[in-house]
Amino acid sequence: MQRCGHTTFTRAIPVFINGRHKSNKTALSFGSSKAQHTLASRRLLVAGPAMAAMDDDPTRSSKEEEIIIDTPFFRIYSDRRIDRLVGTATVPPGFDPSTGVTSRDVTIDADTGLYVRLYLSDTSKIEKKKLPLLVYFHGGAFVTQSAAAPAYQPFLSALAARAGLLVVSVNYRLAPEHPLPAGYADSLRALEWAVAGGGGDPWLSRHGDLRRVFLAGESAGGNIAHNVLMMAAGDEATAAAIEGAALLHAGFSGREAVAGELPEWVETMGKLWAVVCPEAAATGGADDPRMNPPASDLRRMPGRRVLVRAAEKDFGTPRCRAYYEELAGSGWGGAAEWFESEGEDHVFFLAKPGSDPAVEALMDRLVAFFTAS
């Protein structure tokens with residue numbers, strides 16, 4: 001349902017974040033009930049202060065005050081202000097006793113605030129073995145979350161331990177304060193920093209296999225992983241180091257719905273994309289290749305393997321499937337793999353304990369992907 005340019009819904013629909021399907025509703029919602037809001041608070045774990053609070057400036061026009069996207073997670077106004085509504089907590093790096101993994105933050109660019117959170121397993125058990133690098137990009141609709149958000153610490157610690165990876169989790173700048181391509185540029189810079197040895201960072205230089213690099217991300221982070229791959233194709237040294245990528249419930253869209261995709265979802269994603277990447281208005285809107293990659297672009301993507309992960313109840317799954325099919329049929333020289341979690345929602349693995357069967361199945365598949373020779 002649309003009113004005066006304001007997108008509002010009454011059935012749970014994720015925007016690169018998370019939502020729960022409510023079959024007894026007829027419209028679409030990010031969730032307005034107390035139960036849905038509690039679920040959103042538990043799952044999203046957003047990081048970062050609001051861009052600006054609503055002020056009482058009498059000179060502000062009603063057009064400037066207009067809300068164009070309203071969710072339990074964030075609210076975006078027509079003048080590009082944003083209120084981040086839930087989950088602003090962050091956690092510091094440190095030792096995770098359940099996995100034996102230690103994390104620490106490294107600043108890459110103090111001027112822009114770009115930093116990475118590194119995850120390294122117990123070095124006494126590494127036995128001089130160099131670890132593949134996993135450069136990870138968090139989700140959150142390009143407007144929320146951070147590398148320090150609580151949801152990522154247990155997930156990436158477990159992945160580092162089980163797959164034998166040195167994880168580089170990227171804290172890129174967020175829209176709408178920093179519209180895309182700022183987040184893409186930060187993410188590419190972090191990848192290049194890692195491949196080059198992190199400027200002599202002791203963890204990367206001692207323990208990182210700089211010739212075996214993977215990219216991964218969930219939701220909007222999956223979109224970023226794809227676009228960083230495409231950007232890296234122009235740098236021979238960086239491209240040569242990339243072995244593959246895992247796109248988890250990645251955020252793609254387009255002007256027209258693909259098979260199985262809800263028109264309301266397409267409309268919502270188009271509205272969000274216009275806010276986070278305003279320059280795309282001149283390059284096809286939601287059909288901008290960064291949001292709707294054509295097969296002609298996919299065939300030049302670096303890497304040898306790509307794993308596309310989806311979830312049965314995720315509104316974005318039809319688009320993920322279309323991406324996988326485009327990649328597999330594009331003439332790209334690598335191997336594309338598809339895996340769908342039955343009965344699960346968008347980025348469910350960040351909300352459930354590691355002992356959950358669906359999370360275990362996903363983790364086993366990721367470990368197999370990253371450890372395959």
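Residues numbered from 1 in each chain as written. Predicted model: local features only at pLDDT ≥ 70, side-chain atom pairs only at ≥ 80, totals over all residues. Heavy atoms only, no water.

Under an unreviewed UniProt entry, the protein has the name Alpha/beta hydrolase fold-3 domain-containing protein and belongs to Urochloa decumbens. Recorded in UniProt under Sequence similarities (unreviewed entry), the annotation for the protein is "Belongs to the 'GDXG' lipolytic enzyme family." (UniProt positions renumbered as here; feature names shortened; annotations may be inferred.)

**Q** Teacher, can you tell me more about the overall build of the protein here?
**A** Helix and strand content of the protein: eleven helices and 14 strands. Relative to its 373 residues, the protein shows a buried fraction of 56%. Sequence separation of 24 or more characterises 74% of the internal contacts of the protein that already satisfy a separation of 6 or more. (Helix = DSSP H or I, 4+ residues; strand = E, 2+ residues; numbered from the N terminus. Buried < 20%, exposed > 50% of the residue type's maximum accessible area, 1.4 Å probe, protein only. Contact = heavy atoms within 4.5 Å.)

**Q** Just to check I follow, could you spell out the packing of aromatic side chains for this structure?
**A** How two aromatic rings sit relative to each other is given by the distance of their centres and the angle of their planes. On inspection of all chains with the given rule, the structure shows twelve aromatic pairs. When the ring of F155 is compared with that of F349, the centres are 5.1 Å apart and the planes differ by 40 degrees; the resulting orientation is tilted. Placement of F155 in helix 3 (residues 152-163) and of F349 in the loop between strand 14 (335-341) and helix 11 (357-371) is noted, with a sequence separation of 194 residues between them. F349 carries the same exposure label as F155, and that label is buried. Three or more aromatic residues link up through ring pairs in this structure, and these residues are Y136, Y152, F155, F348 and F349. Sitting over the face of the ring of W203, R104 holds its NZ or CZ atom 4.5 Å from the ring centroid. Sitting above the plane of the W338 ring, R321 keeps its charged end 4.8 Å from the centroid. (Phe/Tyr/Trp six-rings, centres within 6.5 Å; stacked < 30°, edge-to-face > 60°. Lys NZ or Arg CZ within 6 Å of the ring centre and 35° of its normal.)

**Q** Please clarify how helix 4 (residues 182-195) should be interpreted in this entry.
**A** Think of an α-helix as turning once every 3.6 residues; residues three or four places apart then point the same way. Compared with the 20 Å implied by 1.5 Å per residue over 14 residues, the 20 Å span of helix 4 between its first and last C-alpha is a close match. Of all 14 residues making up helix 4, eleven are buried, and the element is well covered by its neighbours. Taken from the residues just after helix 4, G197 is the one with a positive phi, measuring 90 degrees. (Expected span 1.5 Å × (residues − 1).)

**Q** Just checking my understanding: could you explain the sheet that holds strand 8 (residues 114-120) for this structure?
**A** Taken together, nine strands build an open sheet; the order of strands is 6-7-8-10-9-11-12-13-14 and the sheet is mixed. The open sheet has two edge strands with one neighbour each: strand 6 (95-96) and strand 14. Pairing of strand 6 with strand 7 (residues 101-109), which is carried by two bridges, proceeds in the antiparallel orientation. Paired with D96 across the strands is V101, a residue of strand 7. Contacts from helix 3 reach strand 6, strand 7, strand 8, strand 9 (131-137), strand 10 (166-171), strand 11 (208-218) and strand 12 (242-248), with the element oriented near 50 degrees to strand 8. Contacts from helix 10 (residues 317-328) reach strand 12, strand 13 (305-311) and strand 14 within the one sheet, and its direction differs from that of strand 14 by about 160 degrees. (Pairing = 2+ DSSP bridges. Axes fitted to C-alpha atoms, helices over the stretch in contact; angles between N-to-C directions.)

**Q** Would you take a moment to explain the packing of helix 3 against helix 11 for this structure?
**A** Contact pair helix 3 / helix 11: the axes reach a minimum separation of 10 Å and the direction vectors enclose 50 degrees. When the interaxial angle is binned, helix 3 and helix 11 end up oblique. The way helix 3 lies across helix 11 gives a crossing that is right-handed. Contacts between helix 3 and helix 11 involve F155, A158, L159, R162 and A163 on the former and, on the latter, E360, L362, M363, D364, L366, V367, F370 and T371. In terms of residue class, the contact of helix 3 with helix 11 is built from nine nonpolar, one polar and three charged. (Parallel < 35°, antiparallel > 145°, perpendicular 65-115°, else oblique. Left-handed = near helix turned anticlockwise from the far one by under 90°. Nonpolar A, V, L, I, M, F, W, Y, C, P; charged D, E, K, R; others polar.)

**Q** What am I meant to see in the nonpolar core here?
**A** A general feature of soluble globular proteins is that nonpolar side chains tend to end up buried together. Counting residues in hydrophobic clusters, the biggest one holds 70 residues, and the most contacted among them are L191 and L215. When near neighbours in sequence (up to four residues on either side) are disregarded, L191 contacts V135, V213, L215, V228, A232, T238 and I242. Counting 33 residues, the second largest nonpolar core, distinct from the first, contains A246, V347, A358 and F370. (Core = buried A, V, L, I, M, F, W, Y, C linked by side-chain atoms within 4.5 Å.)

**Q** How do you make sense of the side chain of T144 when you look at a structure like this?
**A** Relative to the assigned elements, T144 resides in the loop between strand 9 and helix 3. Here the side chain of T144 touches G140 through a polar contact of 2.8 Å, landing on its backbone oxygen. (Polar contact = N/O pair within 3.5 Å; in protein donor to acceptor, adjacent residues only side chain to side chain.)

**Q** I keep staring at the pattern of salt bridges and nothing clicks. Help me out?
**A** Opposite charge on two side chains permits them to pair, given that their charged atoms come into close proximity. In total, this model carries 21 salt bridges according to the counting rule given. A salt bridge links E325 to R321; the shortest N-O distance between them is 3.2 Å. Note that E325 and R321 are positioned in helix 10 at a spacing of four residues, about one turn of the helix. Residue E325 is classed as partly exposed on the basis of its relative accessible area, which comes to 46%. (Salt bridge = Lys/Arg side-chain N within 4 Å of Asp/Glu carboxyl O.)

**Q** Please explain the environment of D83 as it appears in this structure.
**A** Relative to the helices and strands, D83 is located in strand 5 (residues 82-84). On the accessibility criterion, D83 (9% relative accessible area) is buried. For the pair D83 and D70, spaced 13 residues apart in the sequence, the C-alpha separation amounts to 9.6 Å. A polar side-chain atom of D83 sits 2.6 Å from a polar atom in the side chain of Y77.

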